There are 2 protein chains.
Amino acid sequence: MGFELGTVLRSGILSTTSDHASVVSINLFIALLCACIVIGHLLEETKWMNESITALILGLCTGVVILLTTKGKSSHILVFSEDLFFIYLLPPIIFNAGFQVKKKQFFRNFMTITLFGAVGTLISFFTISFGAIWLFKKMDIGDLDIGDMLAIGAIFSATDSVCTLQVLSQDDTPFLYSIVFGEGVVNDATSVVLFNALQNFDLDHIDPSQLFKFVMNFFYLFVTSTFLGVFAGLLSAYIIKKLYFGRHSTDREVALMMLMAYLSYMLTELLDLSGILTVFFCGIVMSHYTWHNVTESSRVTTKHAFATLSFIAETFLFLYVGMDALDIEKWKFTSDSPANSIGVSAILLSLVLAGRAAFVFPLSFLSNLTKRNPDEKISFRKQIIIWWAGLMRGAVSIALAYNKFTRSGHTEIRGNAIMITSTITVVLFSTMVFGLMTKPLINLLLPTSPRHSSDNNSEPSSPKSLTAPLLSSLNGSDLEIGDHPLNRPSSLRLLLTKPAKTVHFYWRKFDNAVMRPVFGGRGFAPYVPGSPIEQSVHGGD
Amino acid sequence: MGFELGTVLRSGILSTTSDHASVVSINLFIALLCACIVIGHLLEETKWMNESITALILGLCTGVVILLTTKGKSSHILVFSEDLFFIYLLPPIIFNAGFQVKKKQFFRNFMTITLFGAVGTLISFFTISFGAIWLFKKMDIGDLDIGDMLAIGAIFSATDSVCTLQVLSQDDTPFLYSIVFGEGVVNDATSVVLFNALQNFDLDHIDPSQLFKFVMNFFYLFVTSTFLGVFAGLLSAYIIKKLYFGRHSTDREVALMMLMAYLSYMLTELLDLSGILTVFFCGIVMSHYTWHNVTESSRVTTKHAFATLSFIAETFLFLYVGMDALDIEKWKFTSDSPANSIGVSAILLSLVLAGRAAFVFPLSFLSNLTKRNPDEKISFRKQIIIWWAGLMRGAVSIALAYNKFTRSGHTEIRGNAIMITSTITVVLFSTMVFGLMTKPLINLLLPTSPRHSSDNNSEPSSPKSLTAPLLSSLNGSDLEIGDHPLNRPSSLRLLLTKPAKTVHFYWRKFDNAVMRPVFGGRGFAPYVPGSPIEQSVHGGD
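Residues numbered from 1 in each chain as written. Chains lettered and ligands numbered in written order. Predicted model: local features only at pLDDT ≥ 70, side-chain atom pairs only at ≥ 80, totals over all residues. Heavy atoms only, no water.

With an unreviewed UniProt entry as reference, chain A is termed Sodium/hydrogen exchanger, source organism Carex littledalei. Taken directly from UniProt, the Function (unreviewed entry) text for chain A runs: "May function as sodium-coupled metabolite transporter across the chloroplast envelope." Comment text from UniProt for chain A, heading Sequence similarities (unreviewed entry), reads "Belongs to the monovalent cation:proton antiporter 1 (CPA1) transporter (TC 2.A.36) family." (UniProt positions renumbered as here; feature names shortened; annotations may be inferred.)

Have a look at this one:
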């Protein structure tokens, strides 16, 4: 055609933040996402691979291709942005995890999870920090002060909860899944507090009052974040139940659930809380109350739409990390001393291994002491799996490392450049090698686990959606156990010996008497038999 | 708490494109969206209101509140960005319209729709342009050359297809809906070509070869955009059918459909085509083939998830336009001559009314000439509704006006400032006044229309989702008519007298013999009786 059609309009349309190059990038990225989905589907049957590693490898390959076509000038098509990660990718992943988590398992192991997530992360932080101070002292890695070393401890104590979702199966190993994933969620809150505390502390004058402040801060963050998430979930349940949205439109219900969950996450940004904790608990409350108040088609839609959004975000994330890893800018400063860089990465990996071992085994021992029933104790084999499955470091570590070591925009200082490239190396290595070996390790240590090799990774982000019945939520997905009530505990002795079960019993009583009549939930949801949706679902057969 | 918790991390997280103010804006916006949904639900029963006007008024009110609290300094919390509009908000709306449109109605009226959309838009463009040249000549509105006047013609010929979706009901008035909405989709292609052609043309030397170029350009744009959308839809159908995704994961199917639809839209940005046409036809093909190849739960999920995304985007859009309308910057230049500004707006509104009347009635007459059956003719009452329902001007007009008149960033030139404010005035007035009066007008002119006042706006973006059966798609939603085949036409005479029906007959033959065996579709979808999802859906009763 004669003149450049649309160029003028497009230059207007995309003038704000994008240009022709961004449009090309977006197209390439979406095409790669489609490729990941197709390849992931085709590799479904294999024992070793999972979707995240497929995406990571595809990202690396694309990076190599771009590196070759641009003759070494550039390897990534989108610069890693913490904004994109924390504002768009993380919320759907964590919300969906809360939405689909087996709540009974999660709350039964609540004390263990908190112990591992809070105390464990602190132990790991101290191990890695002091290990780094001690080991890096003699190496030639530029100017890194004690603050940087402590930051390294915080960065490498942040486990990757997204990767955990991929390597452990909620259906096959519910106990391990709840421990490792729950720990990952609490771990985030701890890491955020730690990282911020370190940036604000005067490290030369550490006194008890500052330590007390730190502990108080952690509790404040934990409690208010959880409360905000629970509040948002309950509010959505109450509004949808009171106004009975499904009467007019099923889309409004779904829209309201999505928007309120996202609002709770964005509010934490405003109030400086832990968004991961908030949106996780919002997901739990929404699946316990709100989900039962909406129409049947909204239930199917939310279950699968949230899982799909989370799935896309996860795949995007790993593709992104894989492609960003080859960024030539970052590697420029380390090219003159590759041995040094490999050494730093190896040391950091060993510290990650040691730091996690330093709390998993002692704390498991402590946790086992409080339990009488041998079935409830964490066996040594399970301890090994817990240790191993939490070794992956992911986008959170990268985001924190970027925040700490690229403050001035680029990595001009030698020490900073080495730290960035080492973080990328640790993330790639731990995700690929530890990730690939997790499934065989579980097969080796827990050979009796049912339906293992084939079903394990079939539904990485929403393990329930295939195996659970579509329109009911039995199988431990809700807090209550409907038909078979627990043996009625009646004495204080029981509360002391089986605190979790007793708390669970009283919670169920309270839930049935107070919460459900107000906020809805299974058995208390409004139901209009004549509504067209109900008819069409039930008449579908 | 002692120190500002999270401030450091956040300043890192949001450093790229956002800051504390953006987080506040996002929170406020999401909260307003939730308010719109709740208020829209409560106003469901009223005859006059619809969701878009609720959002527009809520946006205006918020603008006033912000204006008062910031003491007149600012009224909007997000600056209107064409990027946001064209990249994020428009695609889900148009895709969903194609996905949920009653295809039989749409293709039966295909010739009329193309006539109205292409020829009609040109007539409207010439009427408004020459009207503006003639009427604005004597007014004191700054320096506007003939190119600006022609641009005004293109800007105000762009109907708002989003608003059309809201004021007409696909279930009550399927014929009118297909005509007015279909026209809006074709209208977009015409407006884009017109607008770009005007920006590139040497207006002093208009010769026949340039006119020929322009016509060829339009056909090229129309055909390639449609082809790209159809291709993307068929590709998704083929991949999902061949690989049978549902076997492993329902999320992958949904993700692939979303990503491929969006990819087709973004590819048009790259190839300088009309994204609206592409994504509309992609939606049509996906609902005809792909939708039948996925699992039952994916069908429910896609139907409602796409409707929900479209619903959120629509509400967001009207909220946004309402809030942006009060931007103090734009009104500064017109405050010294309010009478002038009102005059320009009134003239433009009259020209919009006249321009649309100038093609609706003559073209309806022409269209009626080709039809023998009196039932198929467009009655005068229907012509009035078609004329009226397409009067709304919306975000497309605003985006084009911004592109034309704020090229240098701000509206320093007096003429440009007046044009921007007049566009906003016309958009607000036409959406609110014409929009509010559409429903009463339809009630007045077509009083026999069934289920009118209550159901009309219950499902603005997805009219099918409540009334149609959940898991089947009868009622004209697919091209075929399954059980009752048309009378077999066998002669050339029939092709000449009833071309649409004959084309439809041969299309159905071709569809059943060639297309469906390859791409799936109703009756050709893979079905595994033993899969857990099928069981649970069918066992749900």
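Following the structure, the description resumes.
(A) Representation of the overall build of chain A within the structure. Assigned secondary structure in chain A consists of 23 helices and zero strands. Out of the 541 residues in chain A, the part that is buried amounts to 61%. Look at the contacts in chain A between residues 6 or more apart in sequence, and 83% of them connect residues 24 or more apart. Accessible area for chain A stands at about 20500 Å²; split by element, carbon and sulfur atoms hold 68% of it. (Helix = DSSP H or I, 4+ residues; strand = E, 2+ residues; numbered from the N terminus. Buried < 20%, exposed > 50% of the residue type's maximum accessible area, 1.4 Å probe, protein only. Contact = heavy atoms within 4.5 Å. Areas by Shrake-Rupley, 256 points an atom, 1.4 Å probe, with all protein chains shown as cover.)

(B) Representation of the pattern of salt bridges. Residue and element names in this part refer to chain A. Summed over the entire model, instances satisfying the criterion amount to four salt bridges over all chains. A salt bridge links Glu183 to Arg356; its shortest N-O distance comes to 2.9 Å. Of this pair, Glu183 sits in helix α9 (residues 174–200) while Arg356 is found in helix α15 (residues 338–369), placing the two residues 173 residues apart along the sequence. Using a relative accessible area of 1% as the deciding quantity, one classes Glu183 as buried. Classification of Arg356 as buried rests on a relative accessible area of 1%. (Salt bridge = Lys/Arg side-chain N within 4 Å of Asp/Glu carboxyl O.)

(C) The arrangement of the packing of helix α10 (residues 208–243) of chain B against helix α11 (residues 250–271) of chain B in detail. Residues and elements named next belong to chain B. One can describe the packing of α10 onto α11 by two numbers: an axis separation of 10 Å at closest approach and a directional angle of 155°. Taken as axis vectors, α10 and α11 run roughly antiparallel relative to one another. Crossing geometry of α10 relative to α11 is assigned as right-handed. Packed against α10, whose contacting residues are Leu228, Ala232, Leu235, Ser236, Ile239 and Ile240, the element α11 presents Glu253, Leu256, Met257, Met260, Ser264, Leu267, Thr268 and Leu271 at the interface. Classifying every residue of the contact of α10 with α11 by side-chain character gives 10 nonpolar, three polar and one charged. (Axes fitted to C-alpha atoms, helices over the stretch in contact; angles between N-to-C directions. Parallel < 35°, antiparallel > 145°, perpendicular 65-115°, else oblique. Left-handed = near helix turned anticlockwise from the far one by under 90°. Nonpolar A, V, L, I, M, F, W, Y, C, P; charged D, E, K, R; others polar.)

(D) Looking closely at the packing of aromatic side chains. A complete count under the given rule lists 56 aromatic pairs over all chains for this structure. Between Trp387 of chain A and Trp388 of chain A, the ring centres sit 5.8 Å apart and the planes meet at 65°, which makes this aromatic pair edge-to-face. What makes Trp388 of chain A buried here is its relative accessible area of 12%. Taking the centre distance of 6.2 Å and the plane angle of 70° together, the rings of Tyr238 of chain B and Phe519 of chain B count as edge-to-face. Here Phe519 of chain B lies in helix α21 (residues 499–519) and Tyr238 of chain B lies in helix α10, a separation of 281 residues in the sequence. Taking the relative accessible area as the measure of exposure, Tyr238 of chain B reaches 34% and is therefore partly exposed. Feature note: the residues Phe106, Phe107, Phe110, Tyr177, Phe181, Phe280 and Phe281 of chain A constitute an aromatic cluster, connected by ring pairs. Sitting over the face of the ring of Trp291 of chain B, Arg299 of chain B holds its NZ or CZ atom 5.9 Å from the ring centroid. (Phe/Tyr/Trp six-rings, centres within 6.5 Å; stacked < 30°, edge-to-face > 60°. Lys NZ or Arg CZ within 6 Å of the ring centre and 35° of its normal.)

(E) Quick peek at the environment of Thr54 of chain B. Structurally, the position occupied by Thr54 of chain B is in helix α3 (residues 51–69). C-alpha of Thr54 of chain B to C-alpha of Ile39 of chain B: the two residues are 15 residues apart in sequence and 7.6 Å apart in space.

(F) Structural detail: a nonpolar patch on the surface. Together, Phe227, Phe231 and Leu235 of chain A give the surface a local cluster of nonpolar side chains, amounting to about 310 Å² of exposed area. Position of Leu235 of chain A relative to the elements: it lies in helix α10 (residues 208–243). (Patch = residues over 30% accessible without salt bridge, like charges linked within 9 Å, V, L, I, M, F, W, Y side chains within 5 Å.)

(G) Layout of unusual backbone geometry. All names here are of chain A. Although it is not a glycine, Asp272 adopts a positive phi angle of roughly 55°. Among the secondary structure elements, Asp272 is positioned in the loop between α11 (250–271) and α12 (275–293). We classify Asp272 as buried; its relative accessible area is 14%.

(H) How the structure looks around helix α6 (residues 110–136) of chain B. Its 27 residues place the ends of α6 of chain B 37 Å apart at the C-alpha level, agreeing with the 39 Å of an ideal helix rising 1.5 Å per residue. Where α6 of chain B bends most, at Gly120 of chain B, the angle is about 30°. (Expected span 1.5 Å × (residues − 1). Bend = angle between axes of the 7 residues up to and from the residue.)

(I) Structural view of the packing of helix α4 (residues 82–100) of chain A against helix α13 (residues 296–324) of chain A. All names here are of chain A. For the pair α4 and α13, interaxial distance at closest approach is 8 Å and the crossing angle is 135°. With respect to α13, the element α4 is oriented oblique. You can see that α4 and α13 cross each other, and the crossing is left-handed. On α13, the residues touching Leu84, Phe85, Leu89, Pro92, Ile93, Phe95, Asn96, Phe99 and Gln100 of α4 are Thr302, Lys303, Phe306, Ala307, Leu309, Ser310, Ala313, Glu314, Phe316, Leu317 and Tyr320. For the contact of α4 with α13, the residue count by class is 14 nonpolar, four polar and two charged.

(J) Spatial organisation of α4 of chain A. Residue and element names in this part refer to chain A. Its 19 residues place the ends of α4 26 Å apart at the C-alpha level, agreeing with the 27 Å of an ideal helix rising 1.5 Å per residue. By the largest-angle criterion, Leu90 marks the main kink of α4, which is about 45°, and a proline, Pro91, follows within four residues. Within α4, 16 of the 19 residues are buried, which leaves it mostly tucked inside the rest of the structure.

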